[in-house]
Amino acid sequence: QLQNNPPPMKLKTRSTGTTITALVAQNSTVLILAADTRATDGTTVADKRCEKLHALARNVWCAGAGTSADVDALVRRVKFAFWKRGALTKE
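These notes cover the structure that comes with them. (Residues numbered from 1 in each chain as written. Predicted model: local features only at pLDDT ≥ 70, side-chain atom pairs only at ≥ 80, totals over all residues. Heavy atoms only, no water.)

Quick look at the layout of surface pockets
Inference 1: What the largest pocket holds in volume is close to 290 Å³.
Inference 2: Forming the boundary of the largest pocket are 17 residues, of which Thr18, Arg38, Ala39, Lys52 and Gly66 lie nearest the centre.
Inference 3: Contributions of two or more residues to the lining of the largest pocket are made by β3 (39-41) and α1 (68-85).
Inference 4: Top element by residues in the lining of the largest pocket is α1. It accounts for three residues.
Inference 5: The residue makeup of the lining of the largest pocket, split by class, is four nonpolar, eight polar and five charged. (1 Å grid on protein atoms, 1.4 Å probe; cavity = no way out; pocket = protein on both sides within 12 Å on 5 of 7 lines; lining within 4 Å. Points joined across faces, edges and corners; volume = space filled by probe spheres on them. Helix = DSSP H or I, 4+ residues; strand = E, 2+ residues; numbered from the N terminus. Nonpolar A, V, L, I, M, F, W, Y, C, P; charged D, E, K, R; others polar.)

Examining the pairing of strand β6 (residues 60-63)
Inference 1: Of the pairings in the sheet, the one linking strand β5 (residues 53-57) to β6 comprises four bridges and is antiparallel in character. Pairing of Leu53 across the sheet is with Ala63, part of β6. (Pairing = 2+ DSSP bridges.)

Quick look at the pairing of strand β1 (residues 20-24)
Inference 1: For β1 and strand β2 (residues 31-35), the ladder comprises five bridges, and the chain directions are antiparallel. Bridging across to β2, Leu23 finds its partner in Ile32.
Inference 2: Hairpin connection from β1 to β2: six residues lie between these consecutive antiparallel strands, with Ser28 at a positive phi of about 60°.

Looking at a nonpolar patch on the surface
Inference 1: On the surface, Val24, Leu31, Leu33 and Trp61 cluster together to form a nonpolar patch covering roughly 410 Å² of accessible area.
Inference 2: By secondary structure assignment, the location of Leu31 is in strand β2.
Inference 3: Relative accessible area serves as the criterion here: at 53%, Leu31 is assigned to the exposed category. (Patch = residues over 30% accessible without salt bridge, like charges linked within 9 Å, V, L, I, M, F, W, Y side chains within 5 Å. Areas by Shrake-Rupley, 256 points an atom, 1.4 Å probe, with all protein chains shown as cover. Salt bridge = Lys/Arg side-chain N within 4 Å of Asp/Glu carboxyl O. Buried < 20%, exposed > 50% of the residue type's maximum accessible area, 1.4 Å probe, protein only.)

Considering the pattern of salt bridges
Inference 1: Using the criterion set out here, one finds one salt bridge in the structure.
Inference 2: Ionic pairing is found between Asp36 and Lys52, a salt bridge with its closest N-O pair at 3.1 Å. With Asp36 in the loop between β2 and β3 and Lys52 in the loop between β4 (44-47) and β5, this pair connects stretches of sequence that are 16 residues apart.

So, the packing of aromatic side chains
Inference 1: For the structure on display, the rule yields one aromatic pair.
Inference 2: Each ring, one from Phe80 and one from Trp83, has its centre 5.6 Å from the other, and the planes form 35°; the classification is tilted. Taken together, the positions of Phe80 and Trp83, both in helix α1 and three residues apart, correspond to about one turn of that helix.
Inference 3: Owing to a relative accessible area of 52%, Trp83 belongs among the exposed residues under this scheme. (Phe/Tyr/Trp six-rings, centres within 6.5 Å; stacked < 30°, edge-to-face > 60°.)

Encoded structure:
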């Protein structure tokens, strides 16, 4: 007996969000950070060259996803705190 199952529906998908990834080499001496550069406002691409990886010090990086103004404000505060403590100038 045949069942009256409706055909499977194809889901409508929409790509949103940020892609940020980090890779560590086997010897743990190399770290690779990568991120996309698009900033969106709903379905509109607001900025095609948005920086999402921020150097806070020589060996400290921040990867930001979400509201870019919040990330930028945080990066400025942390960079200033590092500079004040001398972390940006010391090797």
